[in-house]
Amino acid sequence: MSKTIIVTGGAGFIGSNFLFHMLKKYPDYRMICLDKLTYAGNLSTLKTIMDHPNFRFVKADICDREAVFVLFEEEHPDIVVNFAAESHVDRSIENPGVFLETNIMGTQVMMDACRKYGIERYHQVSTDEVYGDLPLDRPDLFFTEETPIHTSSPYSASKASADLLVLAYHRTFGLPVTISRCSNNYGPYHFPEKLIPLMIANALADKPLPVYGTGENVRDWLYVEDHCKAIDLIIHNGRVGEVYNIGGHNEMANIDIVKIICKELGKPESLITYVGDRKGHDLRYAIDPTKIHNELGWLPETMFKDGIKKTIQWYLDNKEWWQEIISGEYQNYYEKMYANR
Ligand code: NAD
Ligand code: DAU
């Protein structure tokens, strides 16, 4: 049966990959991207689907109640998937305010629209960072859906606040919600301020590769398509009111990722430069994905050794996409964050 789905933040990294996945898999679905086009949103990312008959792009802020309500009036969506967020931890340490605005208040506006116009499902795209971190010397510990919320950065605090609000709208107003909490994604269209694309871009330019602290911090990497497939399963078959963790048991220390990138690109490890640590830097993230596997049959399909090769090749084949980004305002950002680190 045909559905109309509003995808917020669809001009960003994961949202765009989700749109590509959905338009391909469900030819009769109408997909609407609602995006403010902040520094992290790029229309060039969506160029291959802009003229798709089942796709509509709307430039708007999820905090703009009037614009959001007008869109709901026009489209009467069956499902909303809320990806829109300020997503970079380092920026949240510099300037927390916009994180609270978009990530919390924007979530409220989207859910208020769902309440007013009715919705089959509101899905909140959250993060494993809401659980805080795990120690490096306890590889037996993992985040489950029951792990207490315990945030470290303004970013994770804003995402956790939004999650609590989503669950409150379910309990108080009966809004049919689901939440997914995923680990670190990588793949095509990843904005070059994040670890993997930043290291690829710097290595290709023979620039220093800035590793925070000791480089021993661990992240649990998942290929972006696998995340998109998990969300697809949750919005169709997930139980209302439930939280689902998403992750593929692929833990890697940052320094090992950077070394793999050097090796794949034939660049010397002497480019690696240890720089000042991130404030409040989370040590280790590790997801236990048992629930989504048992209930919905989800399993990651792309192994890291293949996904990282595909990703590096994508950055080699799509230089104009990221070079355009890093040639603009990004230069000021990079200077500010890394010059005297
Ligand atoms: P991103 O920064 O690449 O993209 C965010 C998108 O949201 C951009 O297109 C931006 O223009 C848009 N946006 C920002 N503020 C907006 C606003 N006020 N109104 C409308 N649009 C707005 O982010 P991403 O990495 O694709 O992450 C998407 C979602 O997934 C976020 O909610 C993030 O918390 C979550 N998440 C990300 C990861 C990861 O590894 N990147 C992992 C788990 C969860
Ligand atoms: O776990 C999910 C989260 O993953 C998402 O919720 C966030 O939106 C997403 O940005 C990501 O957060 P991280 O902080 O883990 O990702 P980032 O790419 O910024 O950093 C990954 C690790 O690499 C982290 O330990 C910090 C380190 N790092 C990062 C940068 C940008 C460096 O050592 N050097 C760098 O220059």
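The preceding data block contains the structure.
Residues numbered from 1 in each chain as written. Chains lettered and ligands numbered in written order. Predicted model: local features only at pLDDT ≥ 70, side-chain atom pairs only at ≥ 80, totals over all residues. Heavy atoms only, no water.

## What about the site of ligand 1?
The local shell around ligand 1 holds 29 residues, among which Ile14, Asp35, Ser87, Tyr155 and Lys159 are the closest. Between Phe83 and ligand 1, the recorded distance is 3.0 Å, taken from a backbone N or O atom to an oxygen atom. For ligand 1, whose accessible area on its own is 830 Å², the fraction buried by protein is 97%. Of all the secondary structure elements, the ones that give two or more residues to the shell around ligand 1 are helix H1 (13-25), strand S5 (121-127) and helix H5 (154-173). Top element by residues in the shell around ligand 1 is S5. It accounts for three residues. Residue composition of the shell around ligand 1, grouped by class: 13 nonpolar, 11 polar and five charged. (Near = heavy atom within 4 Å. Polar contact = N/O pair within 3.5 Å; in protein donor to acceptor, adjacent residues only side chain to side chain. Areas by Shrake-Rupley, 256 points an atom, 1.4 Å probe, with all protein chains shown as cover. Helix = DSSP H or I, 4+ residues; strand = E, 2+ residues; numbered from the N terminus. Nonpolar A, V, L, I, M, F, W, Y, C, P; charged D, E, K, R; others polar.)

## Details of the sheet that holds strand S1 (residues 4-8)
On the basis of which strands lie adjacent, the open sheet formed by seven strands has the order S3-S2-S1-S4-S5-S6-S11 and parallel pairing. Edge positions in the open sheet fall to strand S3 (55-59) and strand S11 (243-246), since each of these has one partner strand only. Each strand of the sheet is rotated relative to its neighbour by a mean of 20°, with strand direction disregarded. Contacts from helix H7 (residues 224-237) reach S1, strand S4 (79-82), S5, strand S6 (177-182) and S11, with the element oriented near 145° to S5. (Pairing = 2+ DSSP bridges. Axes fitted to C-alpha atoms, helices over the stretch in contact; angles between N-to-C directions. Contact = heavy atoms within 4.5 Å.)

## A word on the site of ligand 2
The full set close to ligand 2 counts 25 residues, and Asp128, Tyr155, Arg278, His281 and Tyr338 are the nearest of them. Asn184 has a polar side-chain atom sitting 2.8 Å from an oxygen atom of ligand 2. Within the contact set of ligand 2, an oxygen atom lies 3.1 Å away from a side-chain nitrogen or oxygen of Lys194. When ligand 2 is considered free in solution it has 690 Å² of accessible area, and contact with the protein chains removes 95% of it. Elements with a contribution of two residues or more to the shell around ligand 2: helix H6 (195-204) and strand S8 (209-212). Taken together, the residues that form the shell around ligand 2 break down as 11 nonpolar, eight polar and six charged.

## Description of the side chain of Arg284
Secondary-structure assignment places Arg284 in the loop between strand S13 (272-275) and helix H9 (290-296). Polar side-chain contacts of Arg284 include one of 3.0 Å to the backbone oxygen of Arg138. Within polar-contact distance, the side chain of Arg284 engages the side chain of Glu251 at 2.7 Å. Once residues lying within four places of it in the same chain are set aside, the contact partners of Arg284 are Asp133, Leu134, Pro135, Leu136, Arg138, Pro139, Leu141, Phe142, Phe143, Val218, Arg219 and Glu251.

## Overview of the packing of aromatic side chains
The full count for this structure, using the stated rule, is 22 aromatic pairs. When the ring of Tyr26 is compared with that of Tyr29, the centres are 4.4 Å apart and the planes differ by 10°; the resulting orientation is stacked. Taken together, the ring pairs in this structure connect Tyr39, Phe191, Tyr212, Tyr330, Tyr333, Tyr334 and Tyr338 into an aromatic cluster. A cation over an aromatic ring shows up here: Arg91 above the ring of Tyr333, its NZ or CZ 4.0 Å from the ring centre. (Phe/Tyr/Trp six-rings, centres within 6.5 Å; stacked < 30°, edge-to-face > 60°. Lys NZ or Arg CZ within 6 Å of the ring centre and 35° of its normal.)

## So, the packing of helix H8 (residues 254-265) against helix H10 (residues 304-317)
With their axes 11 Å apart at the nearest point, H8 and H10 run at an angle of 60° to one another. The pairing of H8 with H10 is recorded here as oblique in orientation. Helix-helix and strand crossings are classified by hand; for H8 and H10 the assignment is right-handed. In this structure, H8 contributes Ile257, Ile260, Ile261, Glu264 and Leu265 to the contact, and H10 contributes Phe304, Ile308, Lys309, Ile312 and Leu316. (Parallel < 35°, antiparallel > 145°, perpendicular 65-115°, else oblique. Left-handed = near helix turned anticlockwise from the far one by under 90°.)

Fair warning: the whole summary comes from geometry, so function is off the table for now.
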